[in-house]
Amino acid sequence: MVIFENQFFEVSEKDGKVYVKTVQIGFMLKDFDTIVRLNPRIKLTNFAVLKQVLNEITPKPVEIGIWLPPVTVEISRDKMSASLFVYETLDDIRSNSQKFQQNVLALLKQHKIVHGIQDIKLETVVSGKAILIAQGTPPVKGDDAKISYLEVPERKPVIREDGKADYYDMNFIYEIDEGAWLGEKIHAQAGTPGTNVHGEVVVAQRGRDIPLKYDRKSAYEIEEDGKTIIRSKISGVLEDYKGMVGVNHHLPVNGDVGVETGNIDFNGSISIRGTVQAGFSVIAKGDISIEGPEGVSGAKLIKSIDGDVFIRGGIFGLGETRVEAGGSIFVKHVNEANLVAGGDVNIGFYSLGSNIRAHSILVDERKGKIIGGTAIAKSAIVSAITGNRLERRTELIINSVNKADGLELIQSKAALLKSMQEDILQLEAQVNRILPIVHNLTKPQIAAFEQTKQKLASNKESAASLDREIKQLMSDLRSVGKEEINVTIEAYPGTYLQIGKKSTILSRSTNGRFLLEFGELNV
């Protein structure tokens, strides 16, 4: 079939291939593009041969390309869409629109396209460009699991003044009854299936599951109304176990800790309505709250291993009292005492002649004072006033984390965590193998199975604790370079400032944010 001819050459088609036979040279190669545009079914496959053919008379037709079908269909790899490619001019389509539509329908049937077929507007057709002819219905991913917990009240002291007395209050102890609701999970939902262009079902992805985080020693989960509910195993106080909700045993002391009670060492949280008398100690695994407005005077040791310590009335340490907390310490004022916290030390009014160590030391920035003693933090020290007019030496020190040492510690803990996780996987595999046949086990075998389950639970708890430690170390490293000492009103002469290895003693009054700039203290 002859497609085109002029005085220079003849373009023909045979068996789906396009040929050129040159009878006279002199036709410019760049003008051949006009012929291709007039005949969009021509697809050149060998440009170099075409150039050569046009520059010499050829006794026989020479192949230069292929003759495209008037309409083709391409289906996407995921079968969710199909595109139509038209290789005819718009004039040809309009003059034979019925035939064009028939060709399209025949192609759809040939390719088994039955779903999401789109209408074609002839005026929008552009030769050689894709036209969406079918669009599948995508699946809809199911809703992710939704988790909510009983909120632990924020531990933030409130300083109130009524003209006669100062109050240092906070919500510290939140009591819980056995069986109380602690949280719940609405399970991940199945998605809505989709349909591809062939009419086939496309499976929807189920929503993402989210694990419940709670202390398994003090709480349990149960299925209720299609949800997983966390409930308390015991009556006690609500606590946040480093990101996990839980309940700690609670020992309320209605009066003082002293001669009548003796020293107290309790595996839970303690709330003391009165005070801790001179020479006596209180040690608890959880939180310690001392509510007496007169505070603590001369107590020997107040120590929370994993929790926080709150002393409403302040501390008169007499050089003897030591307060330690795995978490944070909240106190109205501190006189001649030693405080050590894994978290922050929050002081409402003043610290006088005391030694304090914590992640951050935060004294009320409006009128709080640090006078005498030593305050050592990893991240920040904040106070309104430091030192006094008598130039009493007051040391404010930031011992920042060594980045190299921190990274090395993280790597060693991460390696240990990986080993623990491998052990957990092995134990889980053992438990899962036995579960289907547990009813056939002998009593000794059941006892061994229970021991395996307990070991698995213990290992999971240890791994979770180690994971939290690693995250805390990573958080500490992110703070490296951001350490600062902030004195909002006045730092008196005699105040010693140190951040890292850089230090100075103030010789004049000043205030502001003191930090390292270009390796030097900006004093």
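Coordinates for the structure precede this section.
Concerning the overall build of the protein chain
Scanning the protein chain from terminus to terminus reveals six helices and 40 strands. Taking 523 residues into account, the globule formula puts the C-alpha radius of gyration at 24 Å, and the protein chain, at 40 Å, lies well above it. Along the three orthogonal principal directions, the C-alpha set of the protein chain runs to about 120 × 75 × 45 Å. Relative to its full complement of 523 residues, the protein chain shows a buried share of 42%. If you take every contact in the protein chain between residues at least 6 apart in sequence, the share linking residues at least 24 apart comes to 41%. Put simply, the protein chain shows about 28900 Å² of open surface, and 51% of that area lies on carbon and sulfur atoms. A gap of 4 Å separates the mean positions of the 64 positive and 67 negative side-chain charges of the protein chain.

Focus on the environment of V253
Residue position: V253 is located in strand β20 (residues 250-253). The residues touching V253, leaving out its near neighbours within four places in the chain, are I264, I270, S271, I272 and R273.

Structural notes on the packing of aromatic side chains
Scanning all chains against the criterion turns up four aromatic pairs. Between F8 and F27 the ring centres are 5.7 Å apart and the planes differ by 55 degrees, which places this aromatic pair in the tilted class. In this pair, F8 is assigned in the loop between β1 (2-5) and β2 (9-14) and F27 in the loop between β3 (17-22) and α1 (32-38), connecting sequence segments 19 residues apart. Exposure class is identical for F8 and F27. Each is buried. Summarising the aromatic geometry, the rings of F9 and F32 are spaced 5.7 Å apart at their centres and angled 45 degrees between planes, so their arrangement reads as tilted. Separated by 23 residues along the polypeptide, F9 in strand β2 and F32 in helix α1 bring together distant segments of the chain.

Examining the pairing of strand β13 (residues 181-186)
As paired elements, strand β9 (residues 146-149) and β13 share four bridges and run antiparallel to each other. What sits directly across from I147, in β13, is K185. Direction of pairing for β13 relative to strand β17 (residues 227-232): antiparallel, over a ladder of five bridges. Its bridge partner lying in β17, W181 is registered against R231.

Describing unusual backbone geometry
Within the chain, D225 stands out as a residue other than glycine whose phi angle is a positive 50 degrees. Relative to the helices and strands, D225 resides in the loop between β16 (219-224) and β17. Of note, the phi angle at E391 is positive, near 60 degrees, even though the residue is not glycine. E391 gets classed as partly exposed once you look at its relative accessible area, which sits at 49%.

Observations concerning the nonpolar core
By size, the foremost hydrophobic cluster in this structure holds 45 residues, and its most contacted members are V276, I302, I311, I329, L339, I381 and I485. It is strand β32 (residues 344-363) that provides the largest number of residues to this core, a total of six residues. Those residues in contact with I485, other than ones at most four positions away along the chain, are I381, L396, I398, L497, Q498, I499, G512, R513 and F514. Counting residues in each nonpolar core, the second largest holds 18 residues, with V71, V86, I113 and I131 among its members.

Calculation rules
- Residues numbered from 1 in each chain as written.
- Predicted model: local features only at pLDDT ≥ 70, side-chain atom pairs only at ≥ 80, totals over all residues.
- Heavy atoms only, no water.
- Helix = DSSP H or I, 4+ residues; strand = E, 2+ residues; numbered from the N terminus.
- Rg over C-alpha atoms; globule rule 2.2 N^0.38 Å.
- Buried < 20%, exposed > 50% of the residue type's maximum accessible area, 1.4 Å probe, protein only.
- Contact = heavy atoms within 4.5 Å.
- Areas by Shrake-Rupley, 256 points an atom, 1.4 Å probe, with all protein chains shown as cover.
- Lys, Arg positive; Asp, Glu negative; His and termini not counted.
- Charge placed at Lys NZ, Arg CZ, Asp CG, Glu CD.
- Phe/Tyr/Trp six-rings, centres within 6.5 Å; stacked < 30°, edge-to-face > 60°.
- Pairing = 2+ DSSP bridges.
- Core = buried A, V, L, I, M, F, W, Y, C linked by side-chain atoms within 4.5 Å.

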